[in-house]
Amino acid sequence: MIVQFVQFESALTEEEAMAVAKERVPAYAATPGLVQKFYLKLAKPNHFGGFLIWESVEAMQAFAKTELARTIPSAYKVIGAPDVDIHELLFSLHQGVVYDAAAA
C-alpha cells in the first residue's frame, strides 16, 4: 500500500474548508483503490491536508487524472503549490480502526 500526505494553504476559512470536504466525501468514497482518507487541520492558520492510503501506486496515479483530483486547487482555493509526500506503507498497527471526529 501507498500513503500520500498532502498539505496546502487555503484562502478558505476552516468552516468553508470543512463544508467543501464534506461535500466531496461521496466522490472520494467511490474512488477505486482509495483505502482511507483522513482530513487534517494543520497547525498553521488556514493550512489543511489529507492523509490518503492507496491500494497501489497505480490507483494513486489513476486518481490524479480524475476530475475530482483536478478540482482540488479550485475547490479549496489553494494558495501556492501543495506539499505532497508519498511513501510505501510497511504495516498498520490496528486493522480496521477508523477515528471519527464527529463522534468524538
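What this report covers is the structure whose coordinates are included nearby.

For G33, the position within the fold is in the loop between α1 (14-29) and β2 (34-41). Separated by 23 residues in sequence, G33 and S56 place their C-alpha atoms 7.0 Å apart. Filtering out sequence-adjacent residues up to four positions away, G33 remains in contact with I53, W54, E55 and A59.

This next bit is on the pairing of β2. Bridging between β2 and strand β3 (residues 47-54) involves seven bridges; their strand directions are antiparallel. Its bridge partner lying in β3, K37 is registered against L52. In sequence, β2 turns back onto β3 through a hairpin of five residues, with N46 there showing a positive phi of about 60°.

Y28, L52, W54, F63 and Y76 are the most contacted members of the largest nonpolar core, which has 19 residues in total. At the level of secondary structure, the elements contributing two or more residues to this core comprise β1 (2-10), α1, β3, α2 (57-64) and α3 (67-70). By residue number, the principal contributor to this core is α1, which donates four residues. Apart from residues lying up to four places away in sequence, L52 is in contact with I2, V3, Q4, V6, Y28, L34, Q36 and K37.

Further remarks concern the packing of aromatic side chains. A complete count under the given rule lists five aromatic pairs for this structure. Within the aromatic cluster, the residues linked to one another by ring pairs are F8, F48 and Y76. Geometry around Y28 places K37 over its ring, the cationic atom sitting 3.7 Å from the centre.

Definitions and cut-offs
Residues numbered from 1 in each chain as written. Predicted model: local features only at pLDDT ≥ 70, side-chain atom pairs only at ≥ 80, totals over all residues. Heavy atoms only, no water. Helix = DSSP H or I, 4+ residues; strand = E, 2+ residues; numbered from the N terminus. Contact = heavy atoms within 4.5 Å. Pairing = 2+ DSSP bridges. Core = buried A, V, L, I, M, F, W, Y, C linked by side-chain atoms within 4.5 Å. Buried < 20%, exposed > 50% of the residue type's maximum accessible area, 1.4 Å probe, protein only. Phe/Tyr/Trp six-rings, centres within 6.5 Å; stacked < 30°, edge-to-face > 60°. Lys NZ or Arg CZ within 6 Å of the ring centre and 35° of its normal.

This is a description of form; function is not addressed.
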